[in-house]
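# Breakdown of the fold
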Amino acid sequence: MRIDIITVLPELLKSPFEASILKRAIEANLVEVHFHNLRDYTNDNYKSIDDTQFGGGAGMVMMIEPIDKCISALKAERDYDEVIYMTPDGETLKQGIANHLSLKENMIILCGHYKGVDQRVRDQFITREISIGDYVLSGGELGAAVLCDAVIRLIPGVLGNETSALTDSFQDNLLAPPIYTKPREYKGWKVPELLFSGNLPEIEKWREEQAYLRTKERRPDLLGE
C-alpha cells in the first residue's frame, strides 16, 4: 500500500510514523507513506495556499489551484483507489471503513485547514470525506494520522499476531471483552477461574458473552438496540 498525504504542516505529521507499529510497517516495506507540502505547488513568493471567501465571511479558504497541481502530479505517476479529504462534516470513521480501506493499493489524503477547501476541490477530486469525530481540530493532520494508524495495522504482516486485529473492539459491531494477564491475583483481585481451565470452547463462549454484555451496557447503538 502507498499513502500520499497532502498537508501544509508535514512536520506535524511525521512523528507518528517514526515509532512503534507504523514505523515497523514502513521499514518492512508493507506500506509507503509520503508527505507533500502543499506550499511547494504555489506560484507566488509568499507560497500562499489560502484566500478570503467570495461573498464575505470569517475565515480563510484553501485555494483550488495548488491542490489541483499536487493531486494531478501524483495521479500522473500512478492510479489511486481513493482521494480522501479529512473534514469534520465527512462520514465518521468506523472500523468497517478502516477494514475497507486496508484493502486498497494507493490512497491520497488531503488535510484541510482554516475554514476548509474551495468546494470545487470536493466536487472534482475527492472520492471520500472522512471525519474522526464531531469536533473541530486546527487541521486535518491529526485526523489523517488516526486514519492511517487504523488502516495500516490491518495490513497482513503488520501485527505480530494476524488474528489480533480481528478481535479488536468494533469488529463484528462488538466491544472487546475483558482481558487479563499476570499476576493471577493482585491485592485480592482475582482473574476469572474459567480462563485457567484450558477449555477453549468455553473460554471463547465466555468472551463472546462478555463482549455482548459490555457492548449492550456501553454502546447499545452498535447492537441496534
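From a predicted model like this one, the values you see are computed outputs, not experimental measurements.

With that settled, the discussion passes to the nonpolar core. Within soluble globular proteins, side chains that are nonpolar generally end up buried alongside one another. With 29 residues, the main nonpolar core has I3, I5, I109, L147 and I152 as its most contacted residues. Within the residue set of this core, elements represented by two or more residues are strand 1 (2-7), helix 2 (20-27), strand 5 (82-92), helix 4 (95-101), strand 6 (106-111) and helix 6 (141-152). Here the element with the most residues in this core is helix 6; it accounts for seven residues. Core analysis: the next-biggest nonpolar cluster, separate from the first, contains 18 residues, V8, M62, C70 and I71 among them.

Following the UniProt record, one finds the feature "binding site: S-adenosyl-L-methionine" (unreviewed entry) at G112, I132, G133, D134, Y135, V136 and L137. Checking the annotated residues one by one, the ones that line the second largest pocket turn out to be G112, I132, G133, Y135, V136 and L137. Within the secondary structure layout, I132 lies in the loop between strand 7 (128-131) and helix 6. For I132, a relative accessible area of 25% puts it in the partly exposed group. If we skip the residues at most four places from it in the chain, I132 touches M86, L93, L137, G143 and V146. Inspection of the secondary structure assignment puts Y135 in the loop between strand 7 and helix 6.

Another aspect to go through is the layout of surface pockets. The computed volume of the second largest pocket comes to approximately 350 Å³. Taken together, the elements giving at least two residues each to the lining of the second largest pocket come down to strand 5 and strand 7. Here the lining of the second largest pocket gets five residues from one element, more than from any other, and that element is strand 5. Residue composition of the lining of the second largest pocket, by class: ten nonpolar, ten polar and three charged.

If you trace the five strands from one edge of the open sheet to the other, you get 2-1-6-5-7, paired in parallel fashion. Only two strands of the sheet have a single neighbouring strand rather than two, namely strand 2 (32-37) and strand 7. Strand-to-strand twist of the sheet, defined as the mean angle between neighbouring strand axes without regard to direction, takes the value 30 degrees. Sheet topology places strand 5 next to strand 7; five bridges connect them, and they run parallel. Paired with E91 across the strands is I130, a residue of strand 7. Each of strand 1, strand 2, strand 5, strand 6 and strand 7 is contacted by helix 6, which is oriented at about 155 degrees to strand 6, the strand it contacts most.

Moving on to the pattern of salt bridges. Counted under the stated rule, the structure contains ten salt bridges. With a closest N to O distance of 3.1 Å, E77 and R78 form a salt bridge. On the accessibility criterion, E77 (56% relative accessible area) is exposed. Across the pair D221 and R219 runs a salt bridge, and its minimum N-O distance is 2.9 Å. Given the relative accessible area of 47%, D221 is considered partly exposed. We classify R219 as partly exposed; its relative accessible area is 31%. Counted as one network, the salt bridges with shared partners bring together R2, D4 and E32.

Rules used throughout
- Residues numbered from 1 in each chain as written.
- Predicted model: local features only at pLDDT ≥ 70, side-chain atom pairs only at ≥ 80, totals over all residues.
- Heavy atoms only, no water.
- Core = buried A, V, L, I, M, F, W, Y, C linked by side-chain atoms within 4.5 Å.
- Buried < 20%, exposed > 50% of the residue type's maximum accessible area, 1.4 Å probe, protein only.
- Helix = DSSP H or I, 4+ residues; strand = E, 2+ residues; numbered from the N terminus.
- UniProt positions renumbered as here; feature names shortened; annotations may be inferred.
- 1 Å grid on protein atoms, 1.4 Å probe; cavity = no way out; pocket = protein on both sides within 12 Å on 5 of 7 lines; lining within 4 Å.
- Contact = heavy atoms within 4.5 Å.
- Points joined across faces, edges and corners; volume = space filled by probe spheres on them.
- Nonpolar A, V, L, I, M, F, W, Y, C, P; charged D, E, K, R; others polar.
- Pairing = 2+ DSSP bridges.
- Axes fitted to C-alpha atoms, helices over the stretch in contact; angles between N-to-C directions.
- Salt bridge = Lys/Arg side-chain N within 4 Å of Asp/Glu carboxyl O.

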